[in-house]
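# Inside the fold
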There are 2 protein chains.
Amino acid sequence: MVQTERVRGFRDVFPEESEPRKAIFEKSERAAEAFGFKKIEMPSVEYMDLYRSKSGDELVSQCFAFYDKGGREITLVPEATPSVVRMLTSRKDLPRPVKWYSFQKYWRYEEPQAGRLREFYQFNGDIFGPDTPEADAEVIGLALSILDSLNLRGEYKFFINDRNLVEAILRKYNVTDNERAFALLDKFRKVDRATFEVGLESIGLNASEIDSFCDLIAMEIPMDRIAEFFSSEKLKGIEAPIKERLVRLSKILVEYTVENVFLDLSTVRGLAYYTGVVFEAFDSDRKFRSILGGGRYNKLADLYSGQAIPAVGFGMGDVVLENLLNDRKKLTPSTKSVKVYACYTEPGLYTEALKAANILRKSGIQCAIDVSGKSFSSQMKEANKEAATYLLIIGRKEVDGSFVSLKDMGSSVQEEIKLNKLSQWFLDRAK
Amino acid sequence: MVQTERVRGFRDVFPEESEPRKAIFEKSERAAEAFGFKKIEMPSVEYMDLYRSKSGDELVSQCFAFYDKGGREITLVPEATPSVVRMLTSRKDLPRPVKWYSFQKYWRYEEPQAGRLREFYQFNGDIFGPDTPEADAEVIGLALSILDSLNLRGEYKFFINDRNLVEAILRKYNVTDNERAFALLDKFRKVDRATFEVGLESIGLNASEIDSFCDLIAMEIPMDRIAEFFSSEKLKGIEAPIKERLVRLSKILVEYTVENVFLDLSTVRGLAYYTGVVFEAFDSDRKFRSILGGGRYNKLADLYSGQAIPAVGFGMGDVVLENLLNDRKKLTPSTKSVKVYACYTEPGLYTEALKAANILRKSGIQCAIDVSGKSFSSQMKEANKEAATYLLIIGRKEVDGSFVSLKDMGSSVQEEIKLNKLSQWFLDRAK
């Protein structure tokens, strides 16, 4: 017998899981389309060089990389952005802004664990061209709309920050090693306070500075309080353009929601390439990893092509999102579809029943039919097992009269419907 | 600068291509759902062993295979069936028939050429359980329905055969090397007649047998003529059960179409694992490779798991299908969606325009808005360039009166619509 094990960290998706998962894809894509983002699709394989210089050692070490038959090192794509930017810079004819989305698979060779698989989907949305708070807000607004369309309003917290603001605050505290400070900030909500304070000391803060700094970054400031916060004593000395840009962003974001979005100075995001606004969403209990994350990255296109193209975007994986939706019982199969099961009372009437089934199928109505030569009573049992909403029965009298008997499995009401009215009967009820 | 070449044989799909491509995925999946098939998803990576014993040397040599960090040989999946059967046999609890479909990516390391890419999508549909002509017809009916839903009726020819019938015919001609005969038959429409006849001679046919054999396999017999064909002198001596099964299949298939489906004795399909009915569809001019292909494979589950599970299914790639649809001008972006472009007459009114845009977006109506700080006249130019169907205008008087001015870009008619009626206005027109 053949070896038939599944590869570790990979997943078989059976119908009972794939049915509810459809909502994740459909609703994300529908929201992106409503915002006027256009779909692209990237290859699943890229040259390894695409990641070496910008993606950081950790990601490079997680690549499913191998040599092709021509001896070049290629890899299963570990993230979206390098490919998106490669596609963008390969086309100089595109009018800007370019608003693109994608929703495809990525691969990382890491230890499988909660919220992490070696193969996962990621939604990605980006705007290339304008370096404006309106563009930042458009991308964040899309992220919020996707979460809300999945009925997650109230179940998530959305944290926003700006790397320029953090750098200005670090300047106020005379910190010079920004890279180390960012790595430390990234740990603020993951380590205990004492450990964090030791870190602050090591980048040069004294005891009273440590207190004021911690107070500052522990705050979660809702979007309708940003203007007030920036005019407070705490942020005295921060450059006006930095404040103004965030105030502007906050005033746009209240159009989406005032309850779920916060300025959080400890949100810095790990990736080195962000240059401005950064953001992340977590479930409100912080039970799971981040649901999505993104920010502004104005220098990446330049690195790849010598073209300076401002960019803002985000990625959202399917694994945490599916876990969260299941945890909050928000992921259930869509009830949209009527299911019909077509039965024939004797073997000779199979093609007649199929004729009726095909009328429904052509109208997009789901209709199953026995193909095993089951008896009439076994077909009815099968219909029950399949949770059919209607039983369509074809017997001698139905064939002779060109009608079907249709039994509502909920109410047990049965009626006779002419074949030429069958589709319309269902379409009328679907309204 | 970073190396930003695309890997050879892989494809970047830009919005102008991805928009029309959506029809291929949506219509195939909708047809499968209407037939009561359920969606599954398989990993993109499997152990190489899964293919070694059954898939044939050619396919094995085309695998994107590599060693994982644990030293095991894995590969990007080159075809659907081994994974589908692996998933099926891993679940002993599934009531049969199991009707599954999938539509995902596969990879083959072969020379890129017309109709072949190294990365491609394939729709796959299978029924496991019943070994009946009804199950064969259900799978073939699904394939026909997908082609028809893509407006390809009249553009394709669908060829059906049964390996058992071919073997019976070969027995009549005293051919003993079935494998060689199948390989030869597979070439019937690809090589010239003289070459083919040399082949027939080499498997033992004499001159008069060659003539009668060629006459037989050159026929294309429509489904409504199968019964007549099987009662003809030509097929005398073929076992009754073989004939009866094909006659039954033909009588079901006429429910789908009588014009496009033919019995063709030269259709044998390359893969060694087929055990009964086999089928293939080509564009009517035979300009492209096969659009889809499949058949009955009753022994594969046994090979993998020791479970005897009859199976019938087919695969349909996206590359030939997209080429054909483009060639016949059947692949155009769906015109379903109204596009609105929201404009603001002065920069201070951006958030007011966004408010109106968001009302539409929440109802699933596509609405773009400038995020670059463009002037009002530049926004209107942008709306034109984007081919907006409606221009939504927010100025002072609109804000003061809680309405929007909406201009139909086709008729140039402009009207004022209250914000709280805006969604309904569009939904009414969408009917």
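Residues numbered from 1 in each chain as written. Chains lettered and ligands numbered in written order. Predicted model: local features only at pLDDT ≥ 70, side-chain atom pairs only at ≥ 80, totals over all residues. Heavy atoms only, no water.

## Section: the overall build of chain A
From N to C terminus, chain A includes 17 helices and 17 strands. For a compact globule of 431 residues, the expected C-alpha radius of gyration is about 22 Å, and chain A comes in at 28 Å, more than 25% above that figure. With respect to the three principal axes, the spread of C-alpha positions in chain A is 90 × 55 × 50 Å. Of the roughly 17,700 Å² of accessible surface on chain A, 49% is carried by carbon and sulfur atoms. For chain A, the distance from the average site of its 63 positive side-chain charges to the average site of its 65 negative ones is 4 Å. (Helix = DSSP H or I, 4+ residues; strand = E, 2+ residues; numbered from the N terminus. Rg over C-alpha atoms; globule rule 2.2 N^0.38 Å. Areas by Shrake-Rupley, 256 points an atom, 1.4 Å probe, with all protein chains shown as cover. Lys, Arg positive; Asp, Glu negative; His and termini not counted. Charge placed at Lys NZ, Arg CZ, Asp CG, Glu CD.)

## Some remarks on the nonpolar core
Counting residues in each nonpolar core, the largest one holds 102 residues, and the members touching the most others are Leu147(A), Phe158(A), Ile160(A), Leu165(A), Phe314(A) and Leu392(B). No other element matches helix H5 (residues 133-149) of chain A, which puts nine residues into this core. Excluding its chain neighbours within four sequence positions, the residues that come into contact with Phe158(A) are Ile140(A), Ala143(A), Leu144(A), Leu147(A), Asn260(A), Val261(A), Phe262(A), Phe279(A), Glu280(A), Ala281(A) and Leu292(A). Leu360(A), Phe158(B), Ile252(B) and Leu265(B) belong to the second-largest nonpolar core, a separate cluster that totals 101 residues. (Core = buried A, V, L, I, M, F, W, Y, C linked by side-chain atoms within 4.5 Å. Buried < 20%, exposed > 50% of the residue type's maximum accessible area, 1.4 Å probe, protein only. Contact = heavy atoms within 4.5 Å.)

## Considerations on the side chain of Arg91(B)
Structurally, Arg91(B) is set in the loop between helix H4 (81-89) and strand S5 (98-107). A polar contact of 2.9 Å, which involves the side chain of Arg91(B), links it to the side chain of Glu16(A). The contacts of Arg91(B), once residues within four sequence positions are left out, are Phe14(A) and Glu16(A). (Polar contact = N/O pair within 3.5 Å; in protein donor to acceptor, adjacent residues only side chain to side chain.)

## Considering the interface of chain B and chain A
Facing 98 residues of chain B, the contacting portion of chain A comprises 97 residues. Inspection of the region where chain B meets chain A yields 16 salt bridges. Between Arg91(A) and Glu16(B) there is a salt bridge, and its shortest N-O distance comes to 2.8 Å. Applying the counting rule to chain B against chain A returns 31 residue pairs in polar contact (both at pLDDT 80 or more). Looking at the side of chain B that touches chain A, the element that brings in the most residues is helix H1 (residues 15-34) of chain B, giving eight residues. The residue makeup of the side of chain B that touches chain A, split by class, is 44 nonpolar, 18 polar and 36 charged. (Salt bridge = Lys/Arg side-chain N within 4 Å of Asp/Glu carboxyl O. Nonpolar A, V, L, I, M, F, W, Y, C, P; charged D, E, K, R; others polar.)

## Describing the sheet that holds strand S4 (residues 73-76) of chain A
All names here are of chain A. Here three strands make up an open sheet; going across it, the order is S2-S4-S3 and the pairing antiparallel. Strands at the two margins of the open sheet, each flanked by one partner only, are strand S2 (45-47) and strand S3 (65-67). Neighbouring strand axes in the sheet, compared pairwise and without regard to direction, differ in orientation by 35° on average. By the bridge criterion, three bridges tie S3 to S4 in an arrangement that is antiparallel. When the sheet's bridge partners are listed, Tyr67 is paired in S4 with Glu73. (Pairing = 2+ DSSP bridges. Axes fitted to C-alpha atoms, helices over the stretch in contact; angles between N-to-C directions.)

## Comments concerning the packing of aromatic side chains
Evaluated as defined, the whole model comprises 56 aromatic pairs over all chains. Ring centres of Tyr101(A) and Phe123(A) lie 5.9 Å apart, and the angle between their planes is 15°; this geometry places the pair in the stacked category. Of this pair, Tyr101(A) sits in strand S5 (residues 98-107) while Phe123(A) sits in strand S6 (residues 119-128), and the two are 22 residues apart along the sequence. Look at Phe158(A) and Phe279(A): their rings are 5.6 Å apart centre to centre, the planes differ by 20°, and that puts the pair in the stacked class. In this pair, Phe158(A) is assigned in strand S7 (residues 156-162) and Phe279(A) in strand S10 (residues 277-283), connecting sequence segments 121 residues apart. An identical accessibility class is assigned to Phe158(A) and Phe279(A); each is buried. Joined through ring pairs, the aromatic side chains of Phe10(A), Phe64(A), Phe66(A), Tyr109(A), Phe10(B), Phe64(B), Phe66(B) and Tyr109(B) make up one cluster. Its guanidinium or amino end placed over the ring of Tyr47(A), Arg72(A) lies 3.7 Å from that ring's centre, counting from NZ or CZ. We note Arg286(B) situated over the ring of Phe282(B); from NZ or CZ to the ring centre the distance is 3.9 Å. (Phe/Tyr/Trp six-rings, centres within 6.5 Å; stacked < 30°, edge-to-face > 60°. Lys NZ or Arg CZ within 6 Å of the ring centre and 35° of its normal.)

## Points about the sheet that holds strand S15 (residues 390-394) of chain A
Residues and elements named next belong to chain A. Reading across the sheet, the five strands line up as S14-S13-S15-S16-S17 and stay open at both edges, with mixed pairing between neighbours. Of all the strands in the sheet, the pair left with one neighbour each is strand S14 (366-369) and strand S17 (414-418). The mean angle between the axes of side-by-side strands here comes to 30°, regardless of whether they run parallel or antiparallel. Pairing analysis gives four bridges linking S15 to strand S16 (residues 403-408), with the strands arranged antiparallel. By the bridge assignment for S16, Tyr390 is matched with Asp408.

## What to know about helix H8 (residues 193-202) of chain A
It helps to recall that an α-helix has 3.6 residues per turn; residues three or four apart then point in one direction. All names here are of chain A. Taken together, the buried positions of H8 are occupied by Phe196, Gly199 and Leu200. End-on view of H8: buried residues confined to an arc of 100°, all on one side of the axis. Counted as exposed and oriented over 90 degrees from the buried face of H8: Ala194, Val198 and Glu201. Looking at the buried side of H8, the elements it contacts are helix H7 (178-185) and helix H9 (207-218). N-capping of H8 is provided by Asp192, with a side-chain oxygen placed 3.2 Å from the backbone N of Ala194. One or two residues past the end of H8 sits Gly204, with phi positive at roughly 110°. (Arc of directions from axis to C-beta.)

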